[in-house]
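Spelled out, the chains give:
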Amino acid sequence: MFSLAVDLTDVPVLAVGGGPVSARRVHAFLAAGAAVTVVAPTLCPALQPLPLGVRWHARGVAPEDLDGVRLVHTATGDPEIDRKVVEMAGERGIWCVNASASAEGTAVVPARASVPTPTGEVTVAVSSADPVRSVEIRNRISHDLRTEPTGLRPRRPHGGWVALVGGGPGDAELLTSRALTLLHSADVVVIDRLAPHSVLQTLDPDVLVIDVGKVPGRHAVPQHEINRLIVEHAHAGRGVVRLKGGDPYVLGRGEEERLACVAAGVEVEVVPGISSALAVPAAAGIPVTHRGISRGFTVVTGHDQIPQLPADTGHTLVILMGVAQLRDTATRLIALGRSADCPVAVVERGCTPQQRVTVAPLARIAGVAAARGVESPAVIVVGDVVRLGPDWAAGLAQCDELDHDRHDELDVLGIDLKASA
Ligand code: SAH
């Protein structure tokens, strides 16, 4: 079902049935300005006397009753008749609500409430498979709207501000409450490519959204330009949320943006987010530490820092922005003493519906990743903990099939080992 609000002013609506359910809806349709006709052998007290403007045919429903009608509501108390009415409406291309079996109709009346708020009247409409639950949820939402009107985009009186907000790894459910509060009070949202874009749908339509996402191969908005943008909007008195992927301070240039705000005299807050370095391995079922297997982990980008890292497979490496140099990194790790068998997982687009996990031993991961067309963004996890994830066993079995070029492994081990020696 697709939720839609429709204008019923002067629209001919047919209500089949004269019981209490039909009566409630007849009153609602009337309140919306519809031209209502009731067809029912008898009427319950709620329809007596007949409300002004309603026409009544005191008999069972007949096909002609649907002529010229744009919406039908059936609540006869007899499921057979209700089903028949839905069928007749369907043949004529008329939307029909079946009150006795909502799933059988072609339209549904949600649990509704109109709530006055400081910014105008708000209609709450909730539908779910369980009507009782829908009513509960409607009541909860309308209650919150009535009692906490300040939750609605409070505009800060003292002018512009900037919040550098960590948006987590891409799933809007992983935003912090502070992030949501600030997002919903912002005038401007400046968003990165890897931040959770779906949350933008929940913002007021008049919020200015600026996408500065770096798409590989396309021009990104340069950092100094981003700094200028956020400062400029704050100086103009606007609340700016700078929504970043993961955590602002993990390889995210968060401090550069904070310093730019401070230098420009702009009030700035930093809100931590769930870093992909932690969330993405977890989403693939890989704990970065586990008692008896790994006591620590290191987050790195390229392979420059590798010589300084513990080489034993019990120390977990989490590599960000590392897909392009995966072959070099693997070679380097082996040259510096990591076992060629050390398990590796590459988790692409973690925490999103498109998440994909590729696994292989260190010596073979570059070949397998290339065969599977692995792309950024991905988090690479290197260490014994990878074996704990659900993809390891099946992935390992697939390696031989995927890694057609069996020389690949030798290349990695041979040539580059010589080069590094
Ligand atoms: N501040 C971010 C990291 C920015 S660097 C954070 O804390 O998560 C960008 C890198 O993060 C990407 O190249 C990739 O390695 C990683 N990354 C971010 N989101 C990701 C996701 N949903 N899936 C896989 N990798 C992700």
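Keep in mind it's a predicted model, so treat the numbers as computed, not measured.

Caption draft 1: Region of interest: the site of the ligand. What surrounds the ligand is a group of 18 residues, the closest being Pro169, Val250, Ser276, Gly350 and Ala378. Residue Ser276 places a side-chain N or O atom 2.7 Å away from an oxygen atom belonging to the ligand. Burial of the ligand by the protein chains amounts to 92% of its free accessible area of 540 Å². At the level of secondary structure, the elements contributing two or more residues to the shell around the ligand comprise helix H7 (276-283) and strand S17 (378-382). Looking at side-chain class alone, the shell around the ligand contains 11 nonpolar, 5 polar and 2 charged residues. Here the shell around the ligand gathers at least three residues from each of two domains, domain 3 (161-274) and domain 4 (278-420).

Caption draft 2: Structural detail: helix H8 (residues 326-335). Within H8, burial applies to Leu326, Thr329, Ala330, Thr331, Leu333 and Ile334. Of the residues trailing H8, Gly337 is marked for its positive phi of about 110 degrees.

Caption draft 3: Structural detail: the pairing of strand S2 (residues 35-39). With respect to burial, S2 is a largely interior element, 4 of its 5 residues being buried. Between strand S1 (residues 12-16) and its parallel partner S2, the chain crosses via helix H1 (residues 20-31), and the hand of that crossover is right-handed. The sheet contact formed by S2 and strand S3 (residues 55-57) spans 3 bridges and is parallel. Bridge pairing in S3 links Val38 to Trp56.

Caption draft 4: Examining unusual backbone geometry more closely. Along the chain, Gln48 connects to Pro49 via a cis peptide bond; the corresponding omega equals -5 degrees. When you line up the elements, Pro49 lands in the loop between S2 and S3. The omega angle of the peptide bond from Ser376 to Pro377 is 0 degrees, so this bond is cis rather than trans. Phi angles above zero are rare outside glycine, and Arg349 is one such case at about 45 degrees.

Caption draft 5: Structural view of the nonpolar core. The biggest cluster of nonpolar side chains holds 24 residues, and the ones touching the most others in it are Val346, Leu362, Ile365, Ile380 and Val382. Of all elements in the fold, only strand S14 (315-319), H8, strand S15 (343-348), helix H9 (365-371) and S17 reach the threshold of two or more residues within this core. When residues of this core are assigned to their parent elements, the largest contribution, 4 residues, is made by H8. Ignoring anything within four residues of it in the chain, the contact list for Leu362 reads Ala330, Leu333, Ile334, Arg338, Ser339, Ala340, Asp341, Cys342 and Val344.

About the criteria used
- Residues numbered from 1 in each chain as written.
- Predicted model: local features only at pLDDT ≥ 70, side-chain atom pairs only at ≥ 80, totals over all residues.
- Heavy atoms only, no water.
- Near = heavy atom within 4 Å.
- Polar contact = N/O pair within 3.5 Å; in protein donor to acceptor, adjacent residues only side chain to side chain.
- Areas by Shrake-Rupley, 256 points an atom, 1.4 Å probe, with all protein chains shown as cover.
- Helix = DSSP H or I, 4+ residues; strand = E, 2+ residues; numbered from the N terminus.
- Nonpolar A, V, L, I, M, F, W, Y, C, P; charged D, E, K, R; others polar.
- Domains from an automatic or database assignment.
- Buried < 20%, exposed > 50% of the residue type's maximum accessible area, 1.4 Å probe, protein only.
- Right-handed = clockwise from strand over helix to strand, strands pointing away.
- Pairing = 2+ DSSP bridges.
- Core = buried A, V, L, I, M, F, W, Y, C linked by side-chain atoms within 4.5 Å.
- Contact = heavy atoms within 4.5 Å.

So yeah, pure geometry; function would need other evidence.
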